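Fold and geometry: a report
Okay, here's what each chain looks like letter by letter:
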There are 2 protein chains.
Amino acid sequence: MQEKNQLSTLSLAILGLIGQKPLSGYDVRKVFSTTPMGHFSSSPGAIYPALKRIEKNGWIKGEVKNRKTLRPKLVFKLTDTGRKVLAEHLTRPVTKDDVMWHMDDLMLRFAFLGHVVGRKQTVKFLKEFAAEVEAHLSSLRQYMDEVRETMSPYGRLAMDNGLDSYRVNARWARRAIKQLQQSGE
Amino acid sequence: MQEKNQLSTLSLAILGLIGQKPLSGYDVRKVFSTTPMGHFSSSPGAIYPALKRIEKNGWIKGEVKNRKTLRPKLVFKLTDTGRKVLAEHLTRPVTKDDVMWHMDDLMLRFAFLGHVVGRKQTVKFLKEFAAEVEAHLSSLRQYMDEVRETMSPYGRLAMDNGLDSYRVNARWARRAIKQLQQSGE
DNA sequence: AATTTCATGTAACCAGTTACATGATTCA
DNA sequence: TGAATCATGTAACTGGTTACATGAAATT
């Protein structure tokens with residue numbers, strides 16, 4: 001039905017978590033409110049509707065653990081299509097656009113990737129990521145050289161921060177590739 | 001009327017830009033679509049309503065440059081209250097929460113800060129920023145030590161990236177402080 | 001003459017926020 | 001027995017997205 005697997009960041013986060021192990025809405029909220037994944041809202045008004053949407057898409061399925069209680073606890077697990085959609089989303093090519101404006105999504109993708117598709121694909125992702133970051137880095141450097149004089153010291157410092165961030169991401173990716181490559185055979 | 005200066009990120013970006021020099025909606029869109037500030041949507045459906053909202057708040061005022069054309073060009077400039085609200089927003093203390101979940105907003109604040117309130121206040125901001133980032137860094141490190149063994153290599157790498165990012169931000173801030181301090185007297 | 005850029009807007013939609021609401025279970 | 005935590009949800013609102021729409025001015 002809905003082909004565009006245009007996962008929102010929140011949906012991706014939820015799908016990825018449930019992919020690791022079945023969770024209830026409350027469990028998801030707990031993860032978002034107590035771990036470094038906490039920049040996602042853990043508000044019920046975000047989580048429960050999102051779970052319903054995702055279930056309606058057929059990517060997860062809720063199972064009622066109603067041990068005679070009135071308040072049923074709904075534990076969601078990934079369906080087969082869900083796993084497929086997730087894997088497809090995670091392994092999409094890394095674009096320039098992603099690197100420029102959706103770095104956080106890329107990191108989220110990485111965090112789930114190894115678990116869903118394994119080491120080889122993860123290394124592939126990281127290589128694309130590194131290449132794209134390095135490309136962007138050099139074009140940013142060029143842009144900066146062009147506008148450097150026209151900017152205030154503050155503007156320059158702000159841009160330096162951007163450069164630093166990309167640089168550290170590139171280095172991290174290269175390091176990660178090495179580690180993953182020598183950890184498996 | 002509306003006291004809560006709960007600027008959304010987009011409003012802050014617009015307000016900050018207009019604070020540097022008067023701009024039309026089209027000008028704002030152009031900045032968002034051609035500079036590193038481009039992760040803001042430059043879509044008219046975002047910009048024009050936002051400008052109206054901000055104007056209704058009394059923070060900017062549009063002036064029609066209608067050189068007899070039918071399509072008037074609206075150039076917005078910051079009002080006095082606007083400048084006050086902006087300055088107040090930019091100089092708010094840097095919180096742990098900001099550092100954890102709104103790093104991009106902090107960078108945006110920094111980028112405008114020097115222009116709006118000057119070097120001394122900017123340095124103060126950077127010192128708070130550095131301190132808060134360093135504090136968060138050490139608590140993150142601690143958290144990581146606790147959960148390190150329980151995590152997959154992928155999870156560990158993802159967390160490493162987080163640590164790297166904070167580390168580089170802390171270093172950047174310390175460097176920026178030094179530069180700004182020795183650049184003025 | 002045709003295309004691109006300037007310039008401003010609206011309408012339908014969607015996702016997320018805040019605040020509210022309910023009630024069971026466990027712990028002090 | 002009172003508080004905290006478990007557990008799920010709704011309703012009103014807000015802000016941003018996508019797509020549509022219009023037309024002047026400048027460039028090719």
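Everything below is about the structure printed above this text.
Read on for a plain summary of the structure.

A word on the relation of the copies chain A and chain B. Note that the two copies of the chain are related through a rotation about an axis and a translation along the same axis. Turning chain A through 180° and shifting it by 0.0 Å along the axis lays it on chain B, with an RMSD of 0.0 Å. Viewed as a symmetry operation, the transformation between the two copies matches a two-fold axis. Residue Ser165(A) of chain A places its C-alpha closer to the rotation axis than any other residue of that unit, at 3.3 Å. A share of 100% of the interface residues of chain A reappears at the interface of chain B, consistent with the copies meeting face to face through the same patch.

Turning to the nonpolar core, a few remarks are in order. Formed by 59 residues in total, the largest nonpolar core has its most connected members in Ile14(A), Phe32(A), Leu126(A) and Phe129(A). The leading source of residues in this core is helix α7 (residues 119-147) of chain A, at 10 residues. Look past the residues within four positions of Ile14(A) in its chain and what remains in contact with it is Val28(A), Phe32(A), Ala50(A), Leu51(A) and Ile54(A). In terms of nonpolar packing, the next biggest core, distinct from the first, is built from 58 residues, Leu15(B), Leu51(B), Met159(B) and Tyr166(B) among them.

Let's shift gears to helix α4 (residues 80-91) of chain B. Relative to the 16 Å expected for 12 residues at 1.5 Å per residue, α4(B) spans 17 Å between its end C-alpha atoms, a close match to the ideal helical length. Buried-residue contacts for α4(B) involve α1 (9-20), β3 (73-78), α6 (103-117) and α7 (119-147) of chain B.

Next up on the list: the packing of helix α8 (residues 153-183) of chain A against helix α8 (residues 153-183) of chain B. Following both chains from N to C, one finds α8(A) and α8(B) inclined at 150°, their axes separated by 9 Å at the closest point. Between α8(A) and α8(B), the angle falls in the class roughly antiparallel. For the pair α8(A) and α8(B), the sense of crossing is right-handed. Counted by class, the contact of α8(A) with α8(B) contains 14 nonpolar, 6 polar and 6 charged residues.

Right, let's get into the sheet that holds strand β2 (residues 60-65) of chain B. Residues and elements named next belong to chain B. Overall, antiparallel pairing links the 3 strands, which are arranged β1-β3-β2 in an open sheet. The open sheet has two free edges, formed respectively by β1 (23-24) and β2, since each of these has just one partner strand. Examined bridge by bridge, β1 and β3 share 2 bridges and lie antiparallel to one another. Residue serine 24 lies in a different strand from β3, and its bridge partner there is valine 75. Of the strands in this sheet, β2 and β3 are in contact with helix α3 (residues 44-56), which crosses β2 at around 115°.

About the criteria used
Residues numbered from 1 in each chain as written. Chains lettered and ligands numbered in written order. Predicted model: local features only at pLDDT ≥ 70, side-chain atom pairs only at ≥ 80, totals over all residues. Heavy atoms only, no water. Least-squares fit on C-alpha atoms with pLDDT ≥ 70 in both. Contact = heavy atoms within 4.5 Å. Core = buried A, V, L, I, M, F, W, Y, C linked by side-chain atoms within 4.5 Å. Buried < 20%, exposed > 50% of the residue type's maximum accessible area, 1.4 Å probe, protein only. Helix = DSSP H or I, 4+ residues; strand = E, 2+ residues; numbered from the N terminus. Expected span 1.5 Å × (residues − 1). Axes fitted to C-alpha atoms, helices over the stretch in contact; angles between N-to-C directions. Parallel < 35°, antiparallel > 145°, perpendicular 65-115°, else oblique. Left-handed = near helix turned anticlockwise from the far one by under 90°. Nonpolar A, V, L, I, M, F, W, Y, C, P; charged D, E, K, R; others polar. Pairing = 2+ DSSP bridges.

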